Amino acid sequence: MKMGNSMETNLFSVSGISMGDEGKGRVVHEILEQIENDSGEPAAGVMKVNGGANAGHTAAGLKLNLLPSGVGNPRVQKLLIGAGVVADPRKFFWEAKPLEARNISVLPRLLIDEKAQVSDLTHRLLDLAWENYRVKQLGMESRGSTGRGISPAYSDETGQWQIFYLAFKQDRKLFASALQGRVQRALDTIRHVCKVSEEDWCSFFEKLNETELRANKESVEEGIFSPGEFDFTRFQGKDCFGLEFDLLEEVYWQAGSKLASSIGDVRAVLLESKKSGRPVVAEFGQAYWLDKRHGFTPNVTASHTTGAELFHSGGIPLQDVKEIGCCKAYDTKVGTHHFLTQIDHEVDRLGKKLAKLEFGTSTGRQRMVGWFDSVEKGNALRYGGFDELVINKLDALSMDQGWEEKLRICTAYRYPDGTLTTSVPRSEEIRQTLEPVYETLDGWKEDLGSITSYHQLPKEAKAYLCRMVGSLLEVAYPEGHDDFKLPQIRFIGVGPDPGQIISDVPPTEKLMTEESFTHSVSRPT
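Residues numbered from 1 in each chain as written. Predicted model: local features only at pLDDT ≥ 70, side-chain atom pairs only at ≥ 80, totals over all residues. Heavy atoms only, no water.

Novice: Looking at this model, I keep getting lost on the pattern of salt bridges. Mind explaining?
Specialist: Pairing of side chains with opposite charge becomes possible as their charged atoms draw close. Applying the stated rule across the entire model yields 34 salt bridges. Between Glu-22 and Lys-24 there is a salt bridge, with its nearest N and O atoms 2.8 Å apart. Each member of the pair Glu-22 and Lys-24 is classed as buried. In this structure, the salt-bridge partner of Glu-212 is Arg-148, at a minimum N-O distance of 3.1 Å. Taken together, the residues span a long stretch of sequence, with Glu-212 in helix α6 (residues 198-215) and Arg-148 in the loop between α3 (121-137) and α4 (150-158) at a distance of 64 residues. Given a relative accessible area of 7%, Arg-148 falls into the buried group. Through salt bridges that share partners, Asp-21, Lys-328, Glu-358, Arg-367 and Lys-393 make up one connected network. (Salt bridge = Lys/Arg side-chain N within 4 Å of Asp/Glu carboxyl O. Buried < 20%, exposed > 50% of the residue type's maximum accessible area, 1.4 Å probe, protein only. Helix = DSSP H or I, 4+ residues; strand = E, 2+ residues; numbered from the N terminus.)

Given below as structure tokens:
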């Protein structure tokens, strides 16, 4: 897509080029600030493109999973939820009310596309049931699902059992009938296909209670919600493998009805913003390697996480868009992913330091940490296509005094027969036989948090940055890049707070030839 100044197109796309948790929310924040600084007016909107309540980020000090991260900017006109999103209507309120208690307007700015899909309790129960089936019936490893019901909700889409948000603006009897069918299918599947035991069935409700009370602890303590709001056992039927349907229908209809004024046609807003030239920033959940088609099955999400989904979810024709790919200066993964560059954070001192920073916003789970994998990200760049890159958390790699550890960058994979490759195999079974090939670089001890210019970075940090970028592009353009317009570095993140970025990074072409890294890299033999 087009390169150039920030206002060359009105549509911006922010997505990850790793396995999620790249700090995309802070990238959205910085882009919104730049748009306002450049144009003198705020963006027309921010749009959630895909997924559901499984995309963790922080806004106004609150951990969010569903609302776009741009909600934290009160000047953005519209908070758009695309047709490609699956969402529990209650979750909008669980996130909106705490923000509004902090004087951040949410519901008046919210616009949920009429064709976005309603997810509900049955999807979360199915999510737990399928994990249970995978482990207890098939003897397989757990997928490490977030338990948010995302995959079962998208299964309703492919099975043509959708309930759209449009339903909350129509006859309640139609909604009740559709929900009744959904409940019956879920209960039949849980009992007769997944073969869940009575004990495990009851435990599902307790698990959901625990999950949501933990996620909403602050809101309960502040009196915004009562603990009963997150009591899932009230929906459990008197008979085993039953649900209190009348209560379930009432709760979901009331929640959806309260959102009726926020349900409309996102397509019209996107087309109007193009006509007026007002920018819209689109946020993708998850990342390239979690795409349901192109990722590492079965450890993928249930939606599409690549650029084209913006136009499917938005329901608009193809147009120029500035695509911004995000990653960290090291790697993280969560769940049960095979992690080629994983660092043993119980032993490695830097790994232990990084692990203290890495817990999932959606799940609270400890993330695994690893060395920067240029092969993984270079392939995402090659096939995903990005105009700009953001590299977050360079500051996290600063060594403590007395440490002499080296930093590593994975620049190739080695097959069992010794052959090297810079292509990510499309077979997960083959990928799991590979070993990483590293280059080592000197580390640095300086604190980068107060640095505002590339030229202030320690020479070792510059060398590391240059080699990250160079190795990424070597993978992305194996036949050379002379005929390509290279992605530029939009900024480097050097701290968690707004403004802790370095935006005067030299052009990519210069980074690749910087003398600063040519003498400090230990190449693999």
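Novice: Mind showing me how you'd approach the environment of Tyr-154 here?
Specialist: Within the secondary structure, Tyr-154 is located in helix α4. Remark: the alpha-carbon pair of Tyr-154 and Gly-84, spanning 70 residues in sequence, is separated by 9.4 Å. Residues within four places of Tyr-154 in sequence aside, it is in contact with Asn-50, Gly-51, Gly-84, Val-85, Val-86, Gln-117, Ala-302 and Ser-303. (Contact = heavy atoms within 4.5 Å.)

Novice: Even after reading the chapter, I still don't get unusual backbone geometry, so can you show me in this structure?
Specialist: Trans is the common state for peptide bonds, and a negative phi is the common state for residues other than glycine. Cis geometry marks the peptide bond from Thr-297 to Pro-298; its omega dihedral reads 5°. Assignment of secondary structure puts Pro-298 in the loop between β10 (280-283) and α10 (309-314). Even without being a glycine, Lys-195 presents a positive backbone phi close to 55°. Take Lys-195: it is sitting in the loop between α5 (172-193) and α6. Within the chain, Phe-241 stands out as a residue other than glycine whose phi angle is a positive 60°. Here Phe-241 lies in the loop between α7 (217-221) and α8 (245-258). Its relative accessible area of 11% is what places Phe-241 among the buried residues.

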